[in-house]
Amino acid sequence: LFRQHYNPSQRAIIFDGITEELNKLTEKNGDASELTLEEKAGMAGVSPRTMDYASQVNQNATKDVQDVVSSGQARASDAAKIVDEPAAVQNAAAKSVAAGESRTLAGAVELLCARCRRVMPRMSCNECKRIRDKAHKKEMKKKAKAKSKA
């Protein structure tokens, strides 16, 4: 195996998953000792806040969101912002980030209309398309302005 360089969110979510599995094993054996958030953060080499975000993601987010964070495409703090969204919305945001359509999970959720956030994202939603087009135009203006300054 080759050495891998993980970002703090990756280290936190991987370490939180490992410690959760260890806690399950120790509970079966009758040992009730559990690591505190600060101890987990120290062992993983991340801040307690990042470890808290990773714990929220491991406990409440869908598998797609967890995979996007553990692959390094999104941060745990970003994923923690959308854990209260319905599973379909979380999965749509994860696909958007994985495909490179959005930089952040929260940003991908913002590109959905109110109906699609509440019920379920649809591919043919005209309101979502309008919101995405507006965001794309805004991004292009921002890039053009930055380019003209340089």
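Residues numbered from 1 in each chain as written. Predicted model: local features only at pLDDT ≥ 70, side-chain atom pairs only at ≥ 80, totals over all residues. Heavy atoms only, no water.

J.: What should I look at first to understand helix 2 (residues 37-44) in this one?
T.: Two residues of an α-helix separated by three or four positions point the same way, owing to the 3.6 residues in each turn. Turning to helix 2, its buried residues are Lys-40, Ala-41 and Ala-44. In a view along the axis of helix 2, the buried residues occupy a sector of 100°, so they form one face of it. Away from its buried face by more than 90 degrees, helix 2 exposes Glu-38, Gly-42 and Met-43. The elements touched by buried residues of helix 2 are helix 1 (8-28) and helix 3 (48-60). In the segment just after helix 2, Gly-45 is the residue with positive phi, at about 75°. (Buried < 20%, exposed > 50% of the residue type's maximum accessible area, 1.4 Å probe, protein only. Helix = DSSP H or I, 4+ residues; strand = E, 2+ residues; numbered from the N terminus. Arc of directions from axis to C-beta. Contact = heavy atoms within 4.5 Å.)

J.: Which parts of the structure should I look at to understand helix 6 (residues 87-98)?
T.: The terminal C-alpha atoms of helix 6, which comprises 12 residues, lie 16 Å apart, in line with the 16 Å expected from a rise of 1.5 Å per residue. Here helix 6 has its buried residues at Val-89, Gln-90, Ala-93, Ala-94, Ser-96 and Val-97. The buried residues of helix 6 occupy an angular sector of 160° when the element is viewed end-on, so they sit on one face. At the exit of helix 6 stands Gly-100, carrying a positive phi of roughly 85°. (Expected span 1.5 Å × (residues − 1).)

J.: It is not clear to me how the state of the cysteines should be interpreted in this structure. Could you clarify?
T.: Where two cysteines share a covalent bond between their sulfur atoms, that bond is called a disulfide. Counted according to the given criterion, the structure contains zero disulfides. Cysteine Cys-125 is unpaired, with the sulfur of Cys-113 as its nearest cysteine sulfur at 3.6 Å. A residue is classified by how much of its surface remains accessible, and Cys-125, at 4% relative accessible area, is buried. Sulfur of Cys-128: no disulfide; nearest cysteine sulfur belongs to Cys-116 and is 3.5 Å away. (Disulfide = S-S within 2.5 Å.)

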